[in-house]
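A structural walkthrough
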Amino acid sequence: MPDPELVDHFPAPAAKPAPGTKRRRWLRVAMWSVAGLVVLFALAVGGSVLWLRSVTLAALPQLDGAEQISGLSAPVTVARDEHGVPHISAATQDDLWMAQGFVTAQDRLWQMDTLRRNANGELAEILGRALLKHDEAQRVLEIRNTAHRIYANLPADERARLDDYARGVNLFIAQHQDSLPPEFRMLFYKPQPWSGTDSISVGLMMVQTLDTHWDVKLGRARVSADLHNAKLEGDLYPVGSWRDHPPTGVQVDMTQPQPAPPPASDDDEDEKTQASAAGSRRPAGPVPSQNRVSFKSEAPSSADLGNLRALPGLPVCDGCVSGSNNWVISGKHTASGRPLLSNDMHLDLSVPNIWFMADLRAPGYHAAGVTLPGFPFVIAGHNEHVAWGFTALLADVQDLYAEKLDGKGNYQAPDGTWKPLGIDRETIRVRGGKDVRLDVQWTDHGPLLNPILREKTQPVALKWTLYDPAFNVLPVYAMNTASNWAEFSTALSHWNWPTQNVVYSDDQGHIAYHAVGAVPIRAGGPIEIPIDEMDPRHEWQGYIPFDDLPNAFDPPSGFLATANSRVTTDKSPYTLTLEWVDPYRAERIYKLLQGRDGLTPKDMIAVQTDIYSEVDQELAHRFAYAIDHTPDADDRLRKAADLMRSWDGRLSVDSGAASLVTRTRAALARILLESKLGSDAEDYSWAESNFAEEEIVMHARPDWLPKNYKDWDELLSDAVREGMKTGKAPADVSQWRYGSWHVIDLEHPLGAFLPFVGRIAGTGAQPLSGDTITVKQVGRAFGPSQRFTMDWSNVDGSTEDIVLGESGNPLSPYFRDQWKDYYGGTTFALAFSAAAVKAHTRHTLLLEP
């Protein structure tokens, strides 16, 4: 029997836990641990949000009161209107440029820093290795070194203005080290001092955007080698069209039928003759074989070409060609009897907007409009006497030369001699990685592009007007201060790049147009593929004289318009390019405005936002006809035909027919190109590709009918099916709203790296009307970057708006306040006179010495 004392001192063993008790205990521990982590994560996120909000609020600029900046000779007044637009008044022009730099930095400093880094190839330093290829491309293209050359050779007065602007930017940086824009804080770096060279780099970024064409030439080399058929190549690469309306100022009767386009023919000479009669500048065929370089076997791949277009930030969506619309109307056609001038410049859309609106005033200078953050003056707008607007001329100012190297550091010059390659040694700083060394080699033509072509290719040099050491003048200031056409056109005569179409009006009632920019003269004419460097016919022989570029002054029609399509006629003395943009926007503008009287500014915004497409409607009818003649068409396909047949041609967000037509056209283009080019179909890029498709389809060119289709009706019906399939059309195609998939979605540059920034600063996907060939030319992140109308009968009633707003700070009331007007197709006046500015002033900041 057990000892009672032992029993008292030694308790019985504990009962064995029930099954699952231990498991539940660990489960509770795990649940509490997860809950704790969730709480910690929530606190971290909440703390990050609060921190971001705090630094963003701290970065809001001072809008009222006074702020001291050293170097001013007298106080400067910065009056901001209801949209935050600064109206800057200074006692001297030197003070004005300093104030402009300071005020622009208040709202856009981080954007300015990224613009110069983008141009100079310095983004990897802050964003890491993901931007290395971009930086390598910019270094090879010599943007930064070219900016240094231009700045060093500027006239002293021009250099002084850039230096004044840089001084204002640097004073802002120095005085706001603890309240810099939040992007600097998030990326843990501070901006380097601004310089006059940086301003030029920012300007050259725009030149690069508007004048780059060499990637298209590389793509055409591959396509040409695949086709090996002059007629097919001519179909894919039209040069102008019968729809074009060059800005000659000659009255055109828009009520008469257009001349018939050239029919399909196996006789090239007959086709060439008919094309000329129809007003087409279409070439008889591709470049003669003796001018070609065998480039197919070693040319860049399709993926490589896509990367080349994306690296410098060029538009890559189909049909998104950096272009624009502009027009000018004399007083005899306006309700007021005074001229109207309108301009909307089409570019990639960014957050914040590429433009910054401003009104700048000092003795001897008063101009208002849009400015480029990082660059002084007004780029497009008006002063007290003249107004102007731009579209891209897109003249051919770049050539590719296949060079011969000896492997010993020498290249063969056009005269047959051997010369040593020039070398620029570049160092690219990479965040979180080692510096990258890059040697950029030069011939007399320009830099060798091979370091950015990735795949092995023969040596190719880029010749570009930008590299001409004789071009070191920036005539923007002279344009801003001109008081009449004589002074303004003299300023334009010094414009070298980018090539542009400029429309003009003034307070005396005159209107005018002039193409501007340095366009090379080539004995053999422009060429769209790499050139044998030993072929002297394609060496440049000077530049087209300014007076020989297309121009008009006070034309009989009282109307001039451009939209990037052909501006030359058969009588023009020089060929400017072989690649014009599709003619549809210009054609539509002429039909809407030419010959009308009593026009008002309200009519101008209506045209700028027009979403009717004649060619889309025309093709919709052709697709419907094809379905009608397809025996096996099902009920869904026939319903699609009925929708397209009754469509009004407007690409509105609620239209089912717009979805059908645009998706069908994309599917059809893919079918046609892949039937001839296979996987190289992605290499095809041409600014008149939509016109090429129209001609091929409407003429039912037999050479383009794929072998697996018996006729064009079968092909087009199948394209409708494929368009609905790839576009994921609903069962009831009448419910396929265009705006359900065709959207505008603007993102902050850091959105790809920091998604929460994108959610705060971006627009999100919004239904989008129009397409790339309507007057309202748009894409997902592409379209009009501003809208301007100058009314000389009411200068203070002249209108201007940009996409989002003036500020780059998401917590500013002026960050997104213009979006409603932009997205809704309305606009507002930009005050100009002292009285109007005073009436619209909401904030006043005094900058004191």
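The coordinates are above.
Just so we're clear, the structure is a prediction, and the values are computed from it rather than from any experiment.

Notes on the overall build of the protein
Looking only at helices and strands, one finds 25 helices and 28 strands in the protein. Split into buried and exposed, the 849 residues of the protein put 59% on the buried side. If you take every contact in the protein between residues at least 6 apart in sequence, the share linking residues at least 24 apart comes to 74%. Of the accessible surface of the protein, which amounts to about 33200 Å², a share of 55% is contributed by carbon and sulfur atoms.

Focus: the packing of helix α18 (residues 614-628) against helix α20 (residues 656-677)
In the contact formed by α18 and α20, the axes pass within 10 Å of each other and the chain directions differ by 75°. Classed by the angle they form, the pair α18 and α20 counts as roughly perpendicular. The segment α18 lies against α20, with V615, D616, L619, A620 and F623 engaging V661, T664, R665 and L668. The class makeup of the residues in the contact of α18 with α20 is six nonpolar, one polar and two charged.

With respect to the pairing of strand β3 (residues 86-89)
Sheet topology places strand β2 (residues 76-80) next to β3; four bridges connect them, and they run antiparallel. Paired with V78 across the two strands is I88, which belongs to β3. Turn length for the β2-β3 hairpin, with the two strands adjacent in sequence and antiparallel, is five residues, and the turn residue G84 shows positive phi of about 75°. Where β3 meets strand β6 (residues 356-362), three bridges bridge the pair, whose relative direction is parallel.

Concerning the nonpolar core
Formed by 145 residues in total, the largest nonpolar core has its most connected members in W355, F488 and L847. Ranked by residue count, the leading element in this core is helix α3 (residues 93-120), at 12 residues. Apart from the residues lying within four places of it in its own chain, the contact partners of L847 are E67, I69, L72, A74, P75, V76, V78, A99, F102 and V103. By size, the runner-up hydrophobic cluster in this structure holds 52 residues, among which are V223, A626, A633 and L677.

Considerations on helix α15 (residues 485-492)
Looking at α15, one finds that the buried residues are W485, F488, S489, A491 and L492. For α15, the angular spread of buried residues about the axis comes to 155°, placing them on one side. The inward-facing, buried residues of α15 abut β9 (386-392), α14 (476-480), β16 (500-506), β17 (511-516) and β21 (551-553). Of the residues that open α15, the one with a side-chain oxygen 3.2 Å from the backbone nitrogen of A486 is N484.

Side note on the packing of aromatic side chains
Overall, the coordinates contain 24 aromatic pairs when judged by the stated rule. Each ring, one from W97 and one from Y365, has its centre 4.9 Å from the other, and the planes form 85°; the classification is edge-to-face. Placement of W97 in helix α3 and of Y365 in strand β7 (residues 365-371) is noted, with a sequence separation of 268 residues between them. The class of Y365 is buried, set by a relative accessible area of 3%. When the centroid spacing of 5.0 Å and the interplanar angle of 80° are considered together, the rings of F559 and Y590 count as edge-to-face. Taken as a pair, F559 in strand β22 (residues 559-562) and Y590 in helix α16 (residues 584-593) lie far apart in primary sequence, 31 residues in all. We classify Y590 as buried; its relative accessible area is 3%. In this structure an aromatic cluster arises from ring pairing among W97, Y365, F375, F377 and Y477. When the ring centre of Y477 is taken as reference, the NZ or CZ atom of R161 above it lies at 3.5 Å. Taking the ring centre of Y237 as reference, the NZ or CZ of R220 above it sits at 4.1 Å.

Comments concerning the environment of R149
Residue position: R149 is located in helix α6 (residues 143-153). Look at R149 and you get buried, because its relative accessible area is 18%. Along the sequence, R149 and P469 sit 320 residues apart, while their C-alpha atoms lie 7.7 Å from each other. When residues no more than four places from it in sequence are discounted, the contact partners of R149 are L466, Y467, D468, P469, F471, N472 and W497.

Some details on helix α19 (residues 635-645)
All buried positions along α19 are accounted for by L637, A640, A641 and M644. All buried residues of α19 fall inside an arc of 100° around its axis, so they share one side. On its buried face, α19 is in contact with α18, α20 and α22 (712-726).

Here we look at the pattern of salt bridges
Applying the stated criterion to the full structure yields 40 salt bridges. Of the charged contacts, one joins E426 and R139 as a salt bridge, the two residues approaching to 3.0 Å between their closest N and O atoms. Of this pair, E426 sits in strand β13 (residues 422-428) while R139 sits in helix α5 (residues 132-140), and the two are 287 residues apart along the sequence. The residue R243 makes a salt bridge to E587 at a minimum N-O spacing of 2.9 Å. Taken together, the positions of R243 in the loop between α11 (230-236) and α12 (268-277) and E587 in helix α16 put the pair 344 residues apart, joining distant regions of the chain. E587 carries the same exposure label as R243, and that label is buried. Each of R243, E587, K591, E614, E618 and E694 takes part in one network of salt bridges that share partners.

Description of the environment of L131
Looking at the secondary structure, you find L131 in the loop between α4 (124-127) and α5. Remark: the alpha-carbon pair of L131 and V430, spanning 299 residues in sequence, is separated by 8.6 Å.

What to know about unusual backbone geometry
P352 follows V351 through a cis peptide bond whose omega is -5°. Take P352: it is sitting in the loop between β5 (340-348) and β6. Geometrically, the link from W497 to P498 is a cis peptide bond, its omega value of -10° lying close to zero. Following the sequence through the fold, P498 ends up in the loop between α15 and β16.

Looking at the side chain of T371
Relative to the assigned elements, T371 resides in strand β7. Assessed through its relative accessible area of 1%, T371 is described here as buried. In terms of polar contacts, T371 uses its side chain to reach the backbone carbonyl oxygen of F356, at 2.7 Å. What T371 contacts, discounting residues up to four positions off in sequence, is Q100, I354, W355, F356, A358, F377, V378 and I379.

Some thoughts on the sheet that holds β17
Reading across the sheet, the 11 strands line up as β1-β28-β2-β3-β6-β7-β8-β9-β16-β17-β21 and stay open at both edges, with mixed pairing between neighbours. Edge positions in the open sheet fall to β1 (65-68) and β21, since each of these has one partner strand only. Direction aside, the axes of adjacent strands within the sheet are offset by 20° on average.

Digging into the packing of helix α7 (residues 156-175) against helix α9 (residues 196-211)
Two elements in contact, α7 and α9, have axes separated by 8 Å at closest approach and are oriented at 100°. Viewed along their axes, α7 and α9 adopt a mutual orientation that is roughly perpendicular. On α9, the residues that touch L162, D163, Y165 and A166 of α7 are G196, S199 and I200. Class assignment of the residues belonging to the contact of α7 with α9 gives a composition of four nonpolar, two polar and one charged.

Re the environment of G542
Within the fold, G542 resides in strand β20 (residues 540-543). By relative accessible area, which is 33% here, G542 ends up partly exposed. A C-alpha to C-alpha distance of 8.5 Å links G542 and V519, two positions 23 residues apart in sequence.

Criteria and cut-off values
- Residues numbered from 1 in each chain as written.
- Predicted model: local features only at pLDDT ≥ 70, side-chain atom pairs only at ≥ 80, totals over all residues.
- Heavy atoms only, no water.
- Helix = DSSP H or I, 4+ residues; strand = E, 2+ residues; numbered from the N terminus.
- Buried < 20%, exposed > 50% of the residue type's maximum accessible area, 1.4 Å probe, protein only.
- Contact = heavy atoms within 4.5 Å.
- Areas by Shrake-Rupley, 256 points an atom, 1.4 Å probe, with all protein chains shown as cover.
- Axes fitted to C-alpha atoms, helices over the stretch in contact; angles between N-to-C directions.
- Parallel < 35°, antiparallel > 145°, perpendicular 65-115°, else oblique.
- Nonpolar A, V, L, I, M, F, W, Y, C, P; charged D, E, K, R; others polar.
- Pairing = 2+ DSSP bridges.
- Core = buried A, V, L, I, M, F, W, Y, C linked by side-chain atoms within 4.5 Å.
- Arc of directions from axis to C-beta.
- Polar contact = N/O pair within 3.5 Å; in protein donor to acceptor, adjacent residues only side chain to side chain.
- Phe/Tyr/Trp six-rings, centres within 6.5 Å; stacked < 30°, edge-to-face > 60°.
- Lys NZ or Arg CZ within 6 Å of the ring centre and 35° of its normal.
- Salt bridge = Lys/Arg side-chain N within 4 Å of Asp/Glu carboxyl O.

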